[in-house]
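# Structural overview
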Amino acid sequence: MGQRDRFDGQFDAVLTAARDGAPWALERMFTALAPVVTGYLRVQGSAEPEDLTSEVFVAVLRKLGDFHGDEAGFRSWVFTIAHRRLLDERRRRSRRPPPEHLTDTADAFAPELRAPADVEGALDRSLGVDRVRALCERLVPGQRDVLLLRLLGDLSIEQVAETLGKRTGAVKALQRRGLLAIGRLLEREGVPL
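Residues numbered from 1 in each chain as written. Predicted model: local features only at pLDDT ≥ 70, side-chain atom pairs only at ≥ 80, totals over all residues. Heavy atoms only, no water.

Grouped burial of nonpolar side chains is what soluble globular proteins tend to show. Judged by nonpolar contacts, the single largest core of 42 residues is most densely connected at V60, F74 and V78. When residues of this core are traced back to their parent elements, those giving at least two are helix 1 (11-19), helix 2 (23-43), helix 3 (49-63), helix 4 (71-95), helix 7 (141-151), helix 8 (157-164) and helix 9 (168-188). Per element, the largest residue contribution to this core is 10 residues, and it comes from helix 2. If we ignore the near neighbours within four places in the chain, the residues touching V78 are L33, V37, V56, F57 and V60. In terms of nonpolar packing, the next biggest core, distinct from the first, is built from seven residues, L139, L147, L185 and L186 among them. (Core = buried A, V, L, I, M, F, W, Y, C linked by side-chain atoms within 4.5 Å. Buried < 20%, exposed > 50% of the residue type's maximum accessible area, 1.4 Å probe, protein only. Helix = DSSP H or I, 4+ residues; strand = E, 2+ residues; numbered from the N terminus. Contact = heavy atoms within 4.5 Å.)

Right, here's the structure in full:
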């Protein structure tokens, strides 16, 4: 799980420009990391992953002056914020579930959506996300958190440990057990490994 360079070797220049308020640099940060943050939040079951991603990046922009480190550290920092926002959302949802009559009304006023030009591609992407979500929902929360941060966030074991407030040995064990559990689930479904 090698870490990808999402800034084409220009991270330091982008960070400096973003701290100075350069719109292009702020946009570059967002476009580099927002898709993977949204994917992480979506698979983790966020009610509004795009809205939550926006909240994450508002927090990133507010605290940008507090960040010190390289690109890998920045990615870890962003995912730590995303994970904390996800936990906040879960707490809010558990305290205030939406009234049933509002969900019915919202569906009645939903705009008619046009089919995407690439229906087959859209379907494949949708099934892929649904499949990953279904597998992850069958894991215990600790295993799910570790695997998603490792795979979607591209974080190291140490970065995941810091994000989740766990020891590196515990993260390794959760990752190993999570991968074994997914392997068993796929074997039961007849998917060759």
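This is not the end of the story, as more comes after the structure.
All right, on to the confidence of the model for the protein then. Looking at the protein as a whole, the pLDDT averages 80, with 78% of positions reaching at least 70. At the level of individual helices and strands, the protein shows its lowest average pLDDT in helix 5 (residues 100-108), which scores 43, and its highest in helix 1, which scores 94. The model gives residues 101-127 a pLDDT under 50, and that stretch makes two contacts with residues more than four places away or in other chains. (pLDDT = per-residue confidence, 0-100.)

Our next topic: the pattern of salt bridges. Inspection of the entire model under this criterion finds five salt bridges. Where E50 meets R42, a salt bridge forms, and the shortest distance between an N and an O atom there is 2.2 Å. With a relative accessible area of 42%, E50 lands in the partly exposed category. (Salt bridge = Lys/Arg side-chain N within 4 Å of Asp/Glu carboxyl O.)

Look at helix 7 against helix 9: their axes get within 8 Å of each other, and the N-to-C directions meet at 95°. The angle between helix 7 and helix 9 falls in the class roughly perpendicular. Taken together, the residues of helix 9 that come into contact with helix 7 (itself represented by G142, Q143, V146, L147 and R150) are V171, L174, Q175, R177, G178, L179, A181 and I182. (Axes fitted to C-alpha atoms, helices over the stretch in contact; angles between N-to-C directions. Parallel < 35°, antiparallel > 145°, perpendicular 65-115°, else oblique.)

Turning to its location among the elements, V56 is positioned in helix 3. Along the sequence, V56 and A82 sit 26 residues apart, while their C-alpha atoms lie 5.6 Å from each other. In contact with V56, other than residues within four places in its own chain, are V37, V78, I81, A82 and R85.

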